Amino acid sequence: MISVQTAAQIIQKYWLKPEIESIPLEQCHGKILAEPIYADRDYPPIDRVMMDGIAICKQSYDRGQRKFPIAGLTTAGRAPLKLQNPETCMEVMTGCALPDGTDLIIPYELLHISQGIAEIKDDTNMVTNYFLHRKGSDCDAGSLIIPPGIKLQGIHVGILASFGYTQIAVEKPVKIKIITTGDELISIDQKPQPYELRRSNSYALRAALLSYGYPQVDTDHIPDDPEMISSHYEENTSFYDVLIYSGGVSQGKRDYLPQVWQKIGVVEYIKGVKQKPGKPMWFGVDHQTKTIVWGLPGNPISGLVCLHRYLLNRLTFASNLRENILSPSGLTYFVPVKINSKLEASPVIPKNSGDFTALVNTDGFIELPPQNQQVDSSESYRFYPWY
C-alpha cells in the first residue's frame, strides 16, 4: 500500500486535464472557473458617499462653523461636482461621488435645514472617513479577485458582471458514470430482505459531485459477474471520461473488478492506500480510450471520504480538534467532525465505515497524519467539507 500523499500525487498526475470553453456570463453559475479574474479598475473607482446628507470642508468645521449655505446637490451617476466656497456645503445622496473641495460627510439625521441653510445639530467631533467609501479601498486595478478552480456562485457572478465580463472561461464538464457493484444491492424503491441493501452509495456520490460543479454524472449498477463487468465497461468507455465504481475492489473472492480491468488493458497505478477508512481504493487509466477508472470501497463512509479527499478538495481549510483522540498506527486517519463558529472540530467517530447515519450531523472530516498516539487538540489539521 502507498501513502495518502503518494496516492494524491498519482491521481493528480493522471487525472484528465480539463478542457476549457467560453460561455456567456448568464450560463456560468455552478461551473468551475478556468481563468484568473482581475479587477478592471480601482474599487470603488471614486471616493463614494455612503450616507444622504451634506458634504463640507472639514477645515471650516474645525474652525467652529456649524451653519453652511447649500450650494447645490449631487446624486449617484453624476461626475464629481466642485465646491467653490469652502464655507458652503453640497447636498449629497448615497452612492454619489464626493464633491471636490469636500472631505467630511454630515448625515441628514444630524442636521436642521431651513431656508437653504444646513445647521449641524449634534456637535459630536467628526472625522473625515466617516460615511465615505474611499477610492481603491476594496481593491486596486489589476488585483487578483477570483482565482481559477472556484465553483462560481451568485456572488462570483455579480463580481464578474461588475468587472464587465460577458464571456467566462470555465472547465468543460467531465462526463462521469458511477457504477455500484454487488449482488446484495437492490433498487431503492424495493423492500430489502435482511440480507440485502438499497443502492444508496451512487446517490450520495452523485450528489457530492453535482454540488462541487460536475453536472454530467450518471449512475448504473452491475452484478458480481466478470463477463457483465467487462461488457459493461466496453460499452461505457466510448462516452464517459471517468468511471467510478463503488465496491468490488477489495480482496474478496467475488471482488472481480481489478482483474477484469487489467485483463481489458487498464493500467493500475493505485492498489490500496494507507488510510482509514478507504484502504482498498483502486485507481487506473485506460490509455487507449483515455478513460479514468476509479474503484472506491463499497462502505459508504469510505467511498465519500475518498471522493472528497482526492477530487472534491478545493475548499479545504485548517481546523483544531476540540478534544484529543487516538489515531490508528501507520494509517492516515480521516475523522468525521462537526465544525463550530470558531472553526473548531468536534470528532464524531462512526462505529465502522458502514455506519452511514453517523455522518448526519457532521460537516466534513479532518485528516490526521499517521501516528500511534493521542492526537493533540492544540495542533491544526486539514478539514474537508462535505459540501
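Keep in mind that this is a model prediction, so the values were computed, not measured.

Q: I'd like a rundown of the overall build of the protein, residues and numbers included.
A: Along the backbone of the protein there are seven helices and 28 strands. Compactness check: the protein gives a C-alpha radius of gyration of 30 Å against a globular reference of 21 Å for 387 residues, more than 25% above the reference. With 387 residues in all, the protein has 44% of them scored as buried. For the protein, restricting intrachain contacts to residue pairs at least 6 apart in sequence, the fraction spanning at least 24 positions comes to 70%. Across the protein, the mean location of the 37 positive side-chain charges is 2 Å away from that of the 42 negative side-chain charges.

Q: I'd love a proper account of the sheet that holds strand β5 (residues 67-74), names of residues and values included.
A: Across the sheet, which stays open at both edges, the six strands sit in the order β7-β4-β6-β5-β9-β8 with mixed pairing between neighbours. The open sheet has two free edges, formed respectively by β7 (104-107) and β8 (111-114), since each of these has just one partner strand. Taking each pair of neighbouring strands and ignoring which way they run, the sheet shows an average axis angle of 40°. As judged from the four bridges shared by strand β4 (residues 53-56) and β7, these two strands associate in the antiparallel manner. Bridge pairing links Ala55 to Ile105 in β7.

Q: Before we move on, can you summarise the packing of helix α5 (residues 226-236) against helix α6 (residues 257-264) with the specific residues and values?
A: In the contact formed by α5 and α6, the axes pass within 10 Å of each other and the chain directions differ by 50°. With respect to α6, the axis of α5 lies oblique. For the crossing formed where α5 meets α6, the hand is right-handed. Taking contact as the criterion, the partners of Pro226, Ile229, Ser230 and Tyr233 in α5 are, on α6, Leu257, Val260, Trp261 and Ile264. Counted by class, the contact of α5 with α6 contains seven nonpolar, one polar and no charged residues.

Q: Outline the sheet that holds strand β16 (residues 217-222), supporting the account with residue identities and numerical values.
A: In spatial order, the strands read β16-β13-β17-β21-β20-β18; together these six strands make up an open sheet with mixed pairing. Bordering the open sheet on either side are β16 and β18 (267-271), each of which pairs with just one other strand. If you compare each strand with its neighbour and ignore which way they point, the axes differ by 20° on average. Judged from the six bridges that link them, strand β13 (residues 176-181) and β16 form a sheet pairing that is parallel.

Q: Report on unusual backbone geometry, specifying residues and quantitative values.
A: Backbone torsion omega between Tyr43 and Pro44 reads -10°, so that peptide bond is classified as cis. Note that Pro44 resides in the loop between β2 (37-38) and β3 (48-49). Of the consecutive residues Lys276 and Pro277, the connecting peptide bond is found in the cis state with omega at -5°. Along the chain, Pro277 turns up in the loop between β19 (275-276) and β20 (282-286). Positive phi outside glycine occurs at Gln115, with the angle close to 50°. Considering the arrangement of structural elements, one finds Gln115 in the loop between β8 and β9 (117-120).

Q: So what's going on with the packing of aromatic side chains? Residues and values would help.
A: Counting across every chain of the model gives twelve aromatic pairs. Aromatic side chains Phe317 and Phe383 sit 4.8 Å apart centroid to centroid with 45° between the ring planes, which places their arrangement in the tilted category. Note that Phe317 is positioned in strand β22 (residues 317-321) and Phe383 in strand β28 (residues 380-385), a separation of 66 residues in sequence. Accessibility expressed as a relative area gives 26% for Phe317, which makes it partly exposed. Among the aromatic residues, those joined into a cluster by ring pairs are Phe334, Phe365, Tyr384 and Trp386. The ring of Tyr310 has Arg309 lying over it, and the distance from NZ or CZ to the ring centre is 5.4 Å.

Q: Now, about the nonpolar core: what can you tell me, with residues and values included?
A: Within the largest apolar cluster, 37 residues are counted, with the highest numbers of intra-cluster contacts made by Leu209, Ile244, Met281, Phe283, Trp294, Leu307 and Tyr310. When residues of this core are traced back to their parent elements, those giving at least two are α1 (4-14), β13, α4 (201-211), β17 (242-246), β20, β21 (291-296) and α7 (300-310). For this core, the leading source of residues is α7, giving six residues. If we ignore the near neighbours within four places in the chain, the residues touching Leu307 are Leu205, Ala208, Leu209, Ile244, Trp294 and Leu312.

Q: Now, about the pairing of β21: what can you tell me, with residues and values included?
A: A regular strand carries its side chains on alternate faces of the sheet. For β21, the buried fraction is high: six of the six residues fall into the buried class. Side chains Thr291, Val293 and Gly295 of β21 all project onto a buried face; the interleaved residues Ile292, Trp294 and Leu296 project onto the opposite face, where all are buried too. One ladder, built from five bridges, connects β20 with β21; its direction is antiparallel. Considered in β21, the bridge of Phe283 is made with Trp294. Between β20 and β21, which pair antiparallel and follow one another directly, the connecting turn spans four residues, one of which, Lys290, has a positive phi of 60°.

Q: For the state of the cysteines, give the residues involved together with the corresponding values.
A: Taken as a whole and judged by the stated rule, the model has zero disulfides. In this model Cys28 remains outside any disulfide bridge; the closest cysteine sulfur is found in Cys139, 18 Å from its own. With relative accessibility at 0%, the residue Cys28 sits in the buried group. Looking at the unpaired Cys89, the closest cysteine sulfur is the one in Cys57, lying at 12 Å. Relative accessible area serves as the criterion here: at 0%, Cys89 is assigned to the buried category.

The rules behind these values
Residues numbered from 1 in each chain as written. Predicted model: local features only at pLDDT ≥ 70, side-chain atom pairs only at ≥ 80, totals over all residues. Heavy atoms only, no water. Helix = DSSP H or I, 4+ residues; strand = E, 2+ residues; numbered from the N terminus. Rg over C-alpha atoms; globule rule 2.2 N^0.38 Å. Buried < 20%, exposed > 50% of the residue type's maximum accessible area, 1.4 Å probe, protein only. Contact = heavy atoms within 4.5 Å. Lys, Arg positive; Asp, Glu negative; His and termini not counted. Charge placed at Lys NZ, Arg CZ, Asp CG, Glu CD. Pairing = 2+ DSSP bridges. Axes fitted to C-alpha atoms, helices over the stretch in contact; angles between N-to-C directions. Parallel < 35°, antiparallel > 145°, perpendicular 65-115°, else oblique. Left-handed = near helix turned anticlockwise from the far one by under 90°. Nonpolar A, V, L, I, M, F, W, Y, C, P; charged D, E, K, R; others polar. Phe/Tyr/Trp six-rings, centres within 6.5 Å; stacked < 30°, edge-to-face > 60°. Lys NZ or Arg CZ within 6 Å of the ring centre and 35° of its normal. Core = buried A, V, L, I, M, F, W, Y, C linked by side-chain atoms within 4.5 Å. Disulfide = S-S within 2.5 Å.

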